[in-house]
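One letter stands for each residue in the lines below.
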Amino acid sequence: MTNEVDTLATALYVRTDDLLAGAPGLAPWRPKIGIKPQLTDAELVTLAVMQALLGFTSEARWLRHARAHLGHLFRYLPQQPGYNKRLRRAAALIRSMIRLLAVDTTLWTDDVWLADSTPVECGRSRETSKRSDLAGWAQFGYCSSHSRFFWGLRLHLVCTLGGLPIAFALTGAKADERQTLLGMLEEDLDLVADRQGQTLIADKHYYGRDFEHALRTAGIVLLRQARKGEAPRPGARLFKPLRQTIESINQTFKGQLDLERHGGRTRAGVIVRVLQRILALTAAIWHNDHTAQPVKRSLIAYDH
């Protein structure tokens, strides 16, 4: 275990513990009378982030590793069923931590955002698509960026040029990207309230008169590629390099944080595992920002 991972884990634990001390209502509900958990909620969040950063997709393998190597950080570690149950119940807390850490970075006020969606595969056999608990939510879809069909979900992401997640949503594979984006912004009105003139860069799938009017009403300037038959649009020279940027951010989720190896089998299980990876990236950017690292999205110091 590197000193960088220990330092990040300690900083994240302290930040989470401070948040829960000031807002105890964010912690998962539990009866007032009962056995107090030996692993605190702040420790649980820290443990989940370390699992994602260190690349353990199996909870059982992760807990075996943690018992062997992380005794100096965690006095108690639950068994796999208990860890899984606690993690699923902590989804709201993890979501709150994502926003808290994101706001506490210099990247939060960036005036340029990128928007895109990426597949979150949930199965490969036709039988799985019929019998899985995710059937009805997960769908068959097509990823044009990688020219492949898949069965699962889509992670819709709005982020800064540095890769900091600003807003996100998890939907079926066939969900309309434009309506999902507008829904994300409508759900969090404070996100754009003080950002008049915010620039949003997206690909040519984010089109439509009503869609662009809704963004303008929210004070957002949309830059996108021109569709076939359209007149050239402003900012065309920016799209090729910035398209590579959003693909690179998606690859961080998939290549380094194993987004498509989440292992979730239920709706709650998939949701919390995706949130776990978003928090891991946000925490790394937050820590890199506070320690003045030159590349905010780099996970190299934490992935071994």
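See the structure shown above.
Not measured: the values here are computed from a predicted model.

Draft legend 1. Region of the structure containing the nonpolar core. Judged by nonpolar contacts, the single largest core of 90 residues is most densely connected at Leu47, Leu53, Trp62, Trp113, Val158 and Leu200. Per element, the largest residue contribution to this core is 12 residues, and it comes from helix H11 (residues 267–290). In this view, Trp62 contacts Leu47, Met50, Gln51, Leu54, Phe56, Leu70 and Tyr83; residues no more than four positions away in its chain are not counted.

Draft legend 2. Structural view of unusual backbone geometry. A positive phi angle is found at Asp258, which is not glycine, with a value near 55°. Relative to the helices and strands, Asp258 resides in the loop between helix H10 (236–256) and H11. Despite not being glycine, Ala292 shows a phi value in the positive range, around 60°. By the element assignment, Ala292 lies in the segment after H11. Accessibility expressed as a relative area gives 62% for Ala292, which makes it exposed.

Draft legend 3. Spatial organisation of the side chain of Thr282. Mapped onto the fold, Thr282 is located in helix H11. The buried category is assigned to Thr282, whose relative accessible area is 0%. Beyond its immediate stretch of four places on either side in the chain, Thr282 contacts Ile98, Leu101, Ala102, Leu164 and Pro165.

Draft legend 4. Up close: the pattern of salt bridges. This model, assessed by the stated rule, comprises 14 salt bridges. Between Arg99 and Asp188 there is a salt bridge; the shortest N-O distance is 2.7 Å. One end of the pair, Arg99, is in helix H5 (residues 91–103); the other, Asp188, is in the loop between helix H7 (177–187) and helix H8 (190–193), with 89 residues separating them in the sequence. You can call Arg99 partly exposed: its relative accessible area is 29%. The closest approach of N and O atoms between Arg224 and Glu212, which form a salt bridge, is 3.3 Å. Separated by 12 residues along the polypeptide, Arg224 in strand S6 (residues 220–224) and Glu212 in helix H9 (residues 209–217) bring together distant segments of the chain. Side by side, Arg224 and Glu212 carry an identical accessibility label, which is buried. Because the salt bridges share partners, they merge into one network encompassing Glu121, Arg124, Arg148, Lys254 and Glu260.

How each quantity is defined
Residues numbered from 1 in each chain as written. Predicted model: local features only at pLDDT ≥ 70, side-chain atom pairs only at ≥ 80, totals over all residues. Heavy atoms only, no water. Core = buried A, V, L, I, M, F, W, Y, C linked by side-chain atoms within 4.5 Å. Buried < 20%, exposed > 50% of the residue type's maximum accessible area, 1.4 Å probe, protein only. Helix = DSSP H or I, 4+ residues; strand = E, 2+ residues; numbered from the N terminus. Contact = heavy atoms within 4.5 Å. Salt bridge = Lys/Arg side-chain N within 4 Å of Asp/Glu carboxyl O.

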